[in-house]
Amino acid sequence: MTKKATAGPGKKKHKTATASAGGPETKLSQLESLLRRKEGATIAQIAAALDWQPHSVRGAMSGSLKKKQGLTISNQMTEDGRRVYRIA
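The sections below set out a description of the structure shown in this document. Along each chain, residues carry numbers from 1 onward, in the same order as the chain's sequence is written. Only residues with pLDDT of at least 70 are given local features in this predicted model, and only at 80 or more are side-chain atom pairs given and counted; all residues enter the totals for whole chains, interfaces and linings. Based on all heavy atoms of the structure, the side-chain values leave hydrogens and waters out of the count.

## Side note on the overall build of the protein
Within the protein, the secondary structure is distributed over three helices and two strands. Strands are runs of DSSP state E lasting at least 2 residues, helices are runs of H or I lasting at least 4, and numbering of each runs from the N terminus. Taken from N to C terminus, the helices and strands of the protein fall in the order α-α-α-β-β. Using a 1.4 Å probe, the Shrake-Rupley method yields the accessible areas, and only the shown protein chains count as cover for residues. Here the protein displays about 6,900 Å² of accessible surface, and carbon together with sulfur accounts for 52% of that area.

## Examining the pairing of strand E2 (residues 83-87)
Direction of pairing for strand E1 (residues 73-77) relative to E2: antiparallel, over a ladder of five bridges. Note on E2: the bridge partner recorded for Met 77 is Arg 83. A loop of five residues connects E1 with E2, the two strands running antiparallel in sequence, and Gly 81 in this loop sits at a positive phi of about 90°. Here a strand pair is declared whenever DSSP counts at least two bridges between the two strands.

## Some words on the nonpolar core
By nonpolar core is meant a set of buried Ala, Val, Leu, Ile, Met, Phe, Trp, Tyr and Cys residues that side-chain atoms within 4.5 Å join together. Whether a residue is buried, partly exposed or exposed follows from its accessible area with a 1.4 Å probe, protein chains only, as a fraction of its type maximum: under 20%, in between, or over 50%, in that order. Leu 31, Leu 35, Ile 46, Met 61, Leu 65 and Ile 73 are the most contacted members of the largest nonpolar core, which totals 16 residues. Breaking this core down by element, the ones donating at least two residues are helix H1 (27-36), helix H2 (43-50), helix H3 (54-68) and E2. The contact definition used throughout considers only heavy atoms, calling two residues in contact when any of these lie within 4.5 Å. Not counting residues within four places of it along the chain, the set of residues in contact with Leu 35 comprises Ile 46, Met 61, Leu 65, Ile 73, Tyr 85, Arg 86 and Ile 87.

## Some thoughts on the side chain of Thr 42
Looking at the element boundaries, Thr 42 is found in the loop between H1 and H2. Among all residues touching Thr 42, those that are not within four sequence positions of it are Arg 82, Arg 83 and Val 84.

## Notes on the packing of H1 against H3
The axes are straight lines fitted to the C-alpha atoms, using for helices just the contacting stretch, and the angles between their N-to-C directions are given from 0 to 180°. Running from amino to carboxyl end, H1 crosses H3 at an angle of 100°, the nearest separation of the two axes being 11 Å. Looking at the two axes, H1 sits roughly perpendicular to H3. For the pair H1 and H3, the contacting residues are Leu 28, Leu 31, Glu 32 and Leu 35 in the first and Ala 60, Met 61, Ser 64 and Leu 65 in the second. Side-chain classes follow a simple rule in which Ala, Val, Leu, Ile, Met, Phe, Trp, Tyr, Cys and Pro form the nonpolar group, Asp, Glu, Lys and Arg form the charged group, and the remainder, Gly included, forms the polar group. Grouping the amino acids of the contact of H1 with H3 by side-chain chemistry returns six nonpolar, one polar and one charged. If an angle is under 35 degrees, it is roughly parallel; if it is over 145, roughly antiparallel; if it lies from 65 to 115, roughly perpendicular; otherwise it is oblique.

## Regarding H2
The set of residues buried in H2 consists of Ile 43, Ile 46, Ala 47 and Leu 50. Across the axial projection of H2, the buried residues extend over an arc of 100°, all falling on one side. In H2, the exposed positions that point more than 90 degrees away from the buried face belong to Ala 44 and Ala 48. Contact partners of the buried residues in H2: H1, H3 and E2. One or two residues past the end of H2 sits Asp 51, with phi positive at roughly 60°. Along the arc lie the directions from the helix axis toward the C-beta atoms.

As structure tokens, this is what we get:
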């Protein structure tokens, strides 16, 4: 019987391969690709594409993309009142 190594104090977690390395595409990488499009994406579009709640989309943009990865996310209000987000 073997034990699985668990992450704990003093143990480092290894990063997994990203979609660009040919691995499976994660929801965060899908979010990033939606925001890198020329036309950007609205919260509603992202929520529908990823099957997330709007508050989860905002949290992922703020936490994972802005704070952890250091990306700059800009937003622009369209004429019809929608807010479009893009990675600057």
